[in-house]
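Tertiary structure, described
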Amino acid sequence: MSGDPHHVPLPSIALAELKILKDSFTRAIRHSSLLPIVDVLEHVLKLKRRSRIWLCPTAAHPFQTKVDRSGKEPCLEDLYICSYMPTFSALIRFKQLMKKRMPPSFVAIGQGQTGAGKGKALLAVDSELELVHKLVPATANRTTISGGAAAQAGALSVLQ
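The structure presented is a predicted model; accordingly, all values stated were derived computationally and were not measured.

1. Quick notes on the packing of aromatic side chains
Within this structure, the stated rule accounts for one aromatic pair. Centre to centre, the rings of W54 and F94 are 4.9 Å apart; their planes meet at 50 degrees, and the pair counts as tilted. Taken together, the residues span a long stretch of sequence, with W54 in strand 1 (residues 52-55) and F94 in helix 3 (residues 88-100) at a distance of 40 residues. Taking relative accessible area as the criterion, W54 reaches 30% and is therefore assigned partly exposed. Here R52 stacks its cationic end above the ring of W54, 6.0 Å away from the centre of that ring.

2. Re the environment of A90
Here A90 is to be found in helix 3. The class of A90 is buried, set by a relative accessible area of 13%. The spatial distance from the C-alpha of A90 to the C-alpha of C56 is 9.0 Å, given a sequence separation of 34 residues.

3. Some remarks on empty space enclosed by the protein
Counted according to the given criterion, the structure contains one cavity of 30 Å³ or more. Together, R30, L34, L35, V38, P74, C75, L76 and L79 line the largest cavity. With four residues, helix 1 (residues 15-44) is the single largest residue contributor to the lining of the largest cavity.

4. Quick notes on the pattern of salt bridges
What the rule picks out here adds up to three salt bridges. Here K22 makes a salt bridge to D23, at a shortest N to O gap of 3.6 Å.

5. Some remarks on the nonpolar core
If you look at the biggest cluster of nonpolar residues, it comprises nine residues: L34, V38, L41, I53, L55, L76, L79, Y80 and C82. Listed by contribution, the elements that provide at least two residues to this core are helix 1, strand 1 and helix 2 (76-79). A per-element tally of this core places helix 1 first, with three residues. Leave out the neighbours within four places in its chain, and I53 touches L41, L47, L76, Y80, I81, C82 and S83.

6. Concerning the side chain of S83
Within the element layout of this structure, S83 appears in strand 2 (residues 81-84). Judged by its relative accessible area of 12%, S83 falls in the buried class. A distance of 2.4 Å separates polar atoms of two side chains, one belonging to S83 and the other to R52. Not counting chain neighbours up to four residues away, the residues in contact with S83 comprise R52, I53, W54 and L55.

7. Comments concerning the confidence of the model for the protein chain
Counting all residues, the mean pLDDT for the protein chain is 81, and 88% of those residues have values of 70 or more. The secondary structure element of the protein chain with the lowest average pLDDT is helix 3, at 82, and the one with the highest is helix 4 (residues 125-135), at 90.

Calculation criteria
- Residues numbered from 1 in each chain as written.
- Predicted model: local features only at pLDDT ≥ 70, side-chain atom pairs only at ≥ 80, totals over all residues.
- Heavy atoms only, no water.
- Phe/Tyr/Trp six-rings, centres within 6.5 Å; stacked < 30°, edge-to-face > 60°.
- Helix = DSSP H or I, 4+ residues; strand = E, 2+ residues; numbered from the N terminus.
- Buried < 20%, exposed > 50% of the residue type's maximum accessible area, 1.4 Å probe, protein only.
- Lys NZ or Arg CZ within 6 Å of the ring centre and 35° of its normal.
- 1 Å grid on protein atoms, 1.4 Å probe; cavity = no way out; pocket = protein on both sides within 12 Å on 5 of 7 lines; lining within 4 Å.
- Points joined across faces, edges and corners; volume = space filled by probe spheres on them.
- Salt bridge = Lys/Arg side-chain N within 4 Å of Asp/Glu carboxyl O.
- Core = buried A, V, L, I, M, F, W, Y, C linked by side-chain atoms within 4.5 Å.
- Contact = heavy atoms within 4.5 Å.
- Polar contact = N/O pair within 3.5 Å; in protein donor to acceptor, adjacent residues only side chain to side chain.
- pLDDT = per-residue confidence, 0-100.

In C-alpha cells:
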C-alpha cells in the first residue's frame with residue numbers, strides 16, 4: 001500500500017563525522033560566496049562596515065549570510081546591515097520609489113512658559129530644542145518652534 005509508512009535504513013554516520021561535514025560545507029560556502037562579496041564591498045566600493053546592503057537571493061544562489069555562528073569568523077550580517085529583496089526588479093522599483101520619495105519631516109515643539117502664568121517657566125526648553133535639532137538627520141525636513149509660536153494655533157499650523 002502506498003499510503004503506509006516505510007522504514008528506509010540509512011547508512012550509519014557518527015556525530016563527529018557530521019560536524020566535520022558541516023565545517024567543510026561552511027568553509028566552502030564562505031570562501032566561494034561570502035568572502036568575494038565582502039571583498040568587493042570593502043575594497044572596490046569602499047563601503048564602511050555596518051552600512052546597509054541589499055541582497056537579492058536567486059534560485060541559483062540563495063544567500064545564507066549566517067553561515068557560521070560559532071563565533072570563529074564573522075558572517076556578513078556581523079559586518080553589514082543586510083536587507084533582502086525577492087528579485088532584482090523589486091529592488092529597482094524600491095530604489096526608484098526612494099528617489100521620488102519626499103524626505104521625512106520632523107517637528108520639535110517646545111513651550112517653556114506655562115499657560116496663564118501658573119507654575120514655573122522651563123528655562124532649558126530652547127537649548128534642548130537646539131540639541132534635538134542637531135540629532136535629527138540633516139536629510140529630514142526639520143522644523144523647530146518655541147515660545148509664542150508653539151501655542152496651540154502655531155503647533156497645529158506647522159503639523160499640517
